[in-house]
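# Observations on chain architecture
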Amino acid sequence: MNKFTADRIFLSDGRIHNDKAIITDANGRILDVIDKSDAGEAVQHLHGLLVPGFINTHCHLELSHMKGKVNTGTGLIPFIESVVTTRGAGEEEIQNAIEQAEDEMLNSGIVAVGDISNQVDTFRVKSTSKLRYYTFIECFDFMQEEKGQETFDQYKAVFDQINLAEGSKISLVPHAPYSVSDTLYKLIHEANADDDTISIHNQETPPENELFFTGSGGFVDFYRSFGVELKGFTPTGRSSIHSALPHLNPKNRNLFVHNTLTTEEDIRATQNVLPNTFWATCANANLYIENRLPNYQNFLNTNAKLTIGTDSLTSNWQLNVLEEMKTIQKFQSYVPLETLLTWATINGAEALGFDDTLGSFVKGKTPGIVLIEGMSANSLKNTTSKRII
Ligand SMILES: [Zn+2]
């Protein structure tokens, strides 16, 4: 049995306490949360803030070998072009980079990951990992109806090759509103169960909304550059997320990723149709690619459930949830610390359906205990995080 106290502990009521102690068994299972004064002997006192293990709800682990290879600040379309043309590499280089990236996540206190996969590259590492993974096999056919079935079959073959570790999950997901045909949406929908999580990239760049409002802009040129004409596409006159809503299942947990340009109206409309909605924010990746951030006030105003993602090492300087919280706090410091911690822990666990064991200090869970050191009042600026158990 272990007993931990700390200067402060973030508990499952969503608040930070300074008078509590956590009791765990040798494996880190929470046996109890009690008053510090009742903890008795053999208590380990830690300096800093204790929080449950972090949940990284958006990553592309298979792109880890491209760290530092793609320019910052170019915007999403040049970024995608760069990824497509430079993602090839030797098997050993890819596997080494995946292992290193995983270690980085483990060492900084991440306990679970929502990971996008287009290929099988990460499956070897995932089969024996200490992290709990939700693998999203991501499908796109550039909105070509005639390619929908063939594209689905190609990704279903990737899906079928995974050897799922205990506690991990997998689903087939659409890439983004601008890259999936109706046929492909339908096949994805039919392949998944109601209790799956569906992740989809959303409203990351102005040309995405422009395409749906007017039928013109950067994505039309982007598709044309590799010979795809958007023949059957009709602009809806509404923002891009509206086009995705009829294709998503209200019974699923739906996880929208990035949401840089998402408005309050978009959030309300989505949450009306899809009650089980989560919004993953990837602040550092947004700065890396587009040099802009979402307006988090829109999400606070609508009681939206935000989660935190690192995105990949192709579009970030590190895979570290604490660094994401620091960036949000630096640029939009009105977001309370307790709210940021909620996004980083229990909301992420719920989004992935991993809140049975992760996300909060609740009796019976094994959430991991992470120590944030170096805080000054509620500022994360000079902090580091490490796993205690
Ligand atoms: Zn992504």
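All values derive from a computational prediction rather than experimental measurement. (Residues numbered from 1 in each chain as written. Predicted model: local features only at pLDDT ≥ 70, side-chain atom pairs only at ≥ 80, totals over all residues.)

This part covers the overall build of the protein. Helices and strands together make up the secondary structure of the protein, namely 13 helices and 15 strands. For a compact globule of 389 residues, the expected C-alpha radius of gyration is about 21 Å, and the protein comes in at 21 Å, within 12% of that figure. Looking at the protein as a whole, 47% of its 389 residues are labelled buried. (Helix = DSSP H or I, 4+ residues; strand = E, 2+ residues; numbered from the N terminus. Rg over C-alpha atoms; globule rule 2.2 N^0.38 Å. Buried ≥ 20, exposed ≤ 12 C-beta atoms within 10 Å, placed from the backbone.)

Let us look at the domain arrangement of the protein. Per the domain assignment, the segments making up the protein are domain 1 (1-52 + 359-389) and domain 2 (54-358). Mapped by element, the contributors of at least two residues to the side of domain 1 that touches domain 2 are strand 5 (44-52), strand 14 (369-373) and strand 15 (384-387). Counting residues per element, the side of domain 1 that touches domain 2 draws most heavily on strand 15, at three residues. Here the side of domain 1 that touches domain 2 is composed, by residue class, of eight nonpolar, eight polar and five charged. (Domains from an automatic or database assignment. Nonpolar A, V, L, I, M, F, W, Y, C, P; charged D, E, K, R; others polar.)

So, about the sheet that holds strand 7 (residues 110-117). Read from one edge of the open sheet, four strands run 6-7-8-9, paired in parallel fashion. Strands with a single pairing partner mark the edges of an open sheet, and in this sheet they are strand 6 (54-59) and strand 9 (169-174). The average undirected angle you get between the axes of adjacent strands in this sheet is 15 degrees. With six bridges connecting them, strand 7 and strand 8 (residues 132-139) associate as parallel partners. Paired with Asp115 across the strands is Thr135, a residue of strand 8. (Pairing = 2+ DSSP bridges. Axes fitted to C-alpha atoms, helices over the stretch in contact; angles between N-to-C directions.)

This part takes up the sheet that holds strand 12 (residues 277-281). Sheet architecture is open: four strands sit in the order 10-11-12-13, paired in parallel fashion. Strands at the two margins of the open sheet, each flanked by one partner only, are strand 10 (197-202) and strand 13 (306-308). The average undirected angle you get between the axes of adjacent strands in this sheet is 30 degrees. The sheet contact formed by strand 12 and strand 13 spans three bridges and is parallel. Bridge pairing in strand 13 places Thr281 opposite Ile308.

Once that is clear, we can look at the packing of helix 6 (residues 206-214) against helix 7 (residues 218-225). Where helix 6 contacts helix 7, the two axes come as close as 7 Å, and the packing angle between them is 95 degrees. Between helix 6 and helix 7, the interaxial angle falls into the category roughly perpendicular. Contacts between helix 6 and helix 7 pair Pro207, Glu208 and Leu211 from the former with Gly218, Phe219 and Val220 from the latter. Each residue belonging to the contact of helix 6 with helix 7 can be placed in one class, and the counts come to four nonpolar, one polar and one charged. (Parallel < 35°, antiparallel > 145°, perpendicular 65-115°, else oblique. Contact = placed C-beta atoms within 7 Å.)

Residue placement: Ser376 occurs in the loop between strand 14 and strand 15. Sequence separation between Ser376 and Asp266 is 110 residues, and the spatial gap between their C-alpha atoms is 36 Å.

Before going further, it helps to spend a moment on the pairing of strand 12. Among the five residues of strand 12, five are classified as buried, and the element is accordingly described as predominantly covered. Alternating positions in strand 12 separate into two faces, Thr277, Trp279 and Thr281 on one and Phe278 and Ala280 on the other, with burial throughout. Two strands pair when backbone bridges link them, and strand 11 (residues 253-258) and strand 12 are joined in this way by four bridges, in the parallel orientation. Within the sheet, the bridge partner assigned to Phe256 lies in strand 12 and is Trp279. With helix 9 (residues 264-273) bridging strand 11 and its parallel neighbour strand 12, the resulting β-α-β unit is right-handed. (Right-handed = clockwise from strand over helix to strand, strands pointing away.)

Time to look at the pairing of strand 3 (residues 20-24). In terms of burial, strand 3 is largely enclosed, as four of its five residues are buried. Bridge count for strand 3 against strand 4 (residues 30-35) is five bridges, and the pairing is antiparallel. Pairing of Ala21 across the sheet is with Ile34, part of strand 4.

So, about the nonpolar core. Residues Leu50, Ala112, Cys139 and Ala344 are the most contacted members of the largest nonpolar core, which totals 96 residues. Sort the elements by how many residues they give to this core and helix 13 (residues 337-351) lands first, with seven residues. When residues are assigned to domains, this core turns out to be shared by domain 1 (1-52 + 359-389) and domain 2 (54-358), each giving three or more. (Core = buried A, V, L, I, M, F, W, Y, C linked by C-beta atoms within 7 Å.)

This part is about unusual backbone geometry. Its identity as a non-glycine residue notwithstanding, Gln203 has a phi of 45 degrees, on the positive side. Topologically, Gln203 is positioned in the loop between strand 10 and helix 6. Residue classification places Gln203 among the buried residues on the basis of 25 C-beta atoms within 10 Å. In this structure, Asn303 is a non-glycine residue whose phi angle is positive, near 50 degrees. With respect to the helices and strands, the residue Asn303 is situated in the loop between helix 11 (296-301) and strand 13.

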